[in-house]
Amino acid sequence: MPEVVVSIGPQHPALKEPVNFKVIADGEKIVRLELDLSYNHRGIEKAAEQRNFIRVLPLLERVCGICSHSHATVFSKGIEEIMGLSIPPRAQYIRTIIAELERMHSHLLWLGVAAHVIGFNTLFMWTWRDREAVQDTLEEMSGNRVHYGMNEIGGVRRDLTPAQVEAALARLPVLEERIKKYVEMVNSEETMLIRFRDVGKMSREEALKYGAVGPTARASGVDYDVRRDDPYLAYAEVPWNVITDTHGDVYGRTRVRVGELWESTQIVRYCLENLPAGPIRVDAPKTAPKGEILSRYEAPRGELAHFIRTNGTDKVERVDIRTPTLANWTSVAVCLVNQNIADIPVIVAAIDPCLSCTSRLTVVNRVDKVGR
Amino acid sequence: MAVPDTGMSRRLVNWARAKSPWITVYNSGACNACDIEIIACLMPRFDVERFGILVKGSPRHADILIVTGHVTLKQASRLRRVWEQMPEPKYVIAMGACGAAGGVFHGLYHMMACVDCVVPVDVYVAGCPPRPDEIINAVVTCLNLMAEDAAHGGKEWRRKKPATGADTEGKSCTVIP
Ligand code: SF4
């Protein structure tokens, strides 16, 4: 049978974000996948070079609306290291709490979207309802539901009051109970098992070869998590486990994510209960000395890296952002080969793609090649 | 054009439209947060479906287009095409600081000057991102606008006329081809 090119996007009912797939299919089977990711390219890296350290943080938060704290934290962490600042422990703990709450809201969101693409809308509604509890906590702590604006170079901008800590602790048991339910559902619910098992399989070798990161890699048995292997913030002091799985399919990725949800609740609980006293920030100098650094961070979707080069002024000379989704796209293209066309949404959703982060990057590379 | 307020069937169409607006969301360069908040509107806590508001994937079914984010150069012609596919009368809501003036992305090299240069915007929502309740409020505002337009027989009545002798040539917006 001749091969057919199916073009999907950038505006398509099945897509939440603008991306263009060209699926080359032979009957129902996928032969190859071509991607165009650059629709949302905004030019943030260039803009970051023109703004000083105070103004650049809100910009970097808006790289992505889901992992906004990740981008701001990884950047301030890098700059603080170049400046040689040591951040007070209370600030580290507050950053960790926000980071883990962000992971919870992101994974709950993902679980809902994954359930939605297989037509299991009940779970979609449930997870998003529970996600509102996380959003409430975040709003209480930071004043905003999505872009928290908690970071600044040298610490955090807002302290947690005892009342906030108490309110957050009061919400945790409900969440824990719900998450336990999800863990149970993922392993027993027939609808999910049928659509997730043996779909989009990727072996450990392939995951390593194509550079997959985060839950996608951990579901294929790659035991790697920046939080443990290169500890930052308060992760070295908090007891927690890296979740891995050996299934390597969408089912495995779901198991890893619900496992991480549980770990996140425990990290948040530990941090809230053991919040050290003291200041929440140190005074940072306006300028950073000349230097280069690769700052790494485990975002909800995987390892996020910022390469930062400073030149002794109050602005960066270059910041290069490698988002986890970009690292994972190659693995999707590999997973999709020989699968059914109907499984595209599930497999694509399984890496939890975030196009806003990724598109920005792709075109910058292209521009680099052409001229700069 | 809006269905003029004559005859039973026309009145029925106008009434039905105001009672159950269908919405399509287009991400034209947003940071995702605005999109997430729109989806949060559909969820049990805010549940816009109880107001008859339905989010549709296809612009051909939609009455209201919500544009999230500033418009990137690459998206401009696509956004225009999506807007052109919508049946009349169509309304556009621009979300957030980005939709209004670019927000943090104002003036970046891959950005259009404004959403309004690409598609005519009827309602702006403030916030970065706007809260779900603000989004619902924007849709309700848009519905009121629809009712007023239907009473006036079209959108023309609220279009600002340039003052006589005003220079309409030197506009700073670049209108896309
Ligand atoms: S208005 Fe704010 S939240 Fe919305 S897309 Fe723009 S930067 Fe993101």
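See above for the structure.
The shown structure was predicted, so the numbers you read here are calculated from the model rather than taken from an experiment. (Residues numbered from 1 in each chain as written. Chains lettered and ligands numbered in written order. Predicted model: local features only at pLDDT ≥ 70, side-chain atom pairs only at ≥ 80, totals over all residues. Heavy atoms only, no water.)

Visitor: I would appreciate a short explanation of the state of the cysteines in the present structure.
Guide: Here a disulfide denotes a covalent bond joining the sulfur atom of one cysteine to the sulfur atom of another. All names here are of chain B. Scanning the model with the defined rule gives one disulfide over all chains in all. The side chain of C114 participates in a disulfide bridge whose partner is C117; the two sulfur atoms lie 2.5 Å from each other. Torsion about the S-S bond of the C114 and C117 cystine: about 100 degrees, corresponding to right-handed handedness. For C114, a relative accessible area of 15% translates into the label buried. In this structure C41 is a free cysteine whose sulfur lies 11 Å from that of C34, the closest cysteine sulfur available. The thiol of C142 is not disulfide-bonded; the next cysteine sulfur, from C41, is found 14 Å away. (Disulfide = S-S within 2.5 Å. Buried < 20%, exposed > 50% of the residue type's maximum accessible area, 1.4 Å probe, protein only.)

Visitor: I tried to follow the packing of aromatic side chains on my own but got confused; where do I start?
Guide: One pass over the full model with this rule turns up five aromatic pairs over all chains. Ring geometry for A:F124 versus A:W128: centroids 5.9 Å apart, planes at 80 degrees, classification edge-to-face. On the criterion of helical spacing, the pair formed by A:F124 and A:W128 is a turn pair, its members being four residues apart in helix α5 (residues 121–142). In this structure, A:F124 and A:W128 share a single accessibility class: buried. Judged by centre distance (5.2 Å) and plane angle (75 degrees), the rings of A:Y232 and A:Y235 are edge-to-face. Each member of the pair A:Y232 and A:Y235 is classed as buried. Following the ring pairs from residue to residue traces out a cluster consisting of A:Y232, A:Y235, A:W240 and A:Y297. When the ring centre of B:W83 is taken as reference, the NZ or CZ atom of B:K90 above it lies at 4.2 Å. (Phe/Tyr/Trp six-rings, centres within 6.5 Å; stacked < 30°, edge-to-face > 60°. Helix = DSSP H or I, 4+ residues; strand = E, 2+ residues; numbered from the N terminus. Lys NZ or Arg CZ within 6 Å of the ring centre and 35° of its normal.)

Visitor: Could you clarify how one ought to interpret the interface of chain A and chain B in this entry?
Guide: Many structure descriptions define interface size as the accessible area lost when the parts assemble. Each side of the interface is counted separately: chain A has 41 residues, and chain B has 39 residues. Roughly 3200 Å² of surface becomes buried between chain A and chain B when both sides are summed, with 60% attributable to carbon and sulfur atoms. When residues of chain A are sorted by the area they lose upon contact with chain B, A:Q11, A:Y39 and A:R42 head the list and together hold 21% of the total. Remark: the boundary between chain A and chain B carries four salt bridges. Between B:R45 and A:D136 there is a salt bridge whose closest N-O contact spans 2.8 Å. For the pair chain A and chain B, the interface holds seven residue pairs in polar contact (both at pLDDT 80 or more). Broken down by secondary-structure element, the contributors of at least two residues to the side of chain A that touches chain B are α1 (44–48), α2 (53–61), α5 and α14 (355–370) of chain A. In terms of residues, the side of chain A that touches chain B owes the most to one element, α5(A), which gives eight residues. Classifying every residue of the side of chain A that touches chain B by side-chain character gives 19 nonpolar, nine polar and 13 charged. (Contact = heavy atoms within 4.5 Å. Buried area = accessible area lost by both parts, 1.4 Å probe. Salt bridge = Lys/Arg side-chain N within 4 Å of Asp/Glu carboxyl O. Polar contact = N/O pair within 3.5 Å; in protein donor to acceptor, adjacent residues only side chain to side chain. Nonpolar A, V, L, I, M, F, W, Y, C, P; charged D, E, K, R; others polar.)

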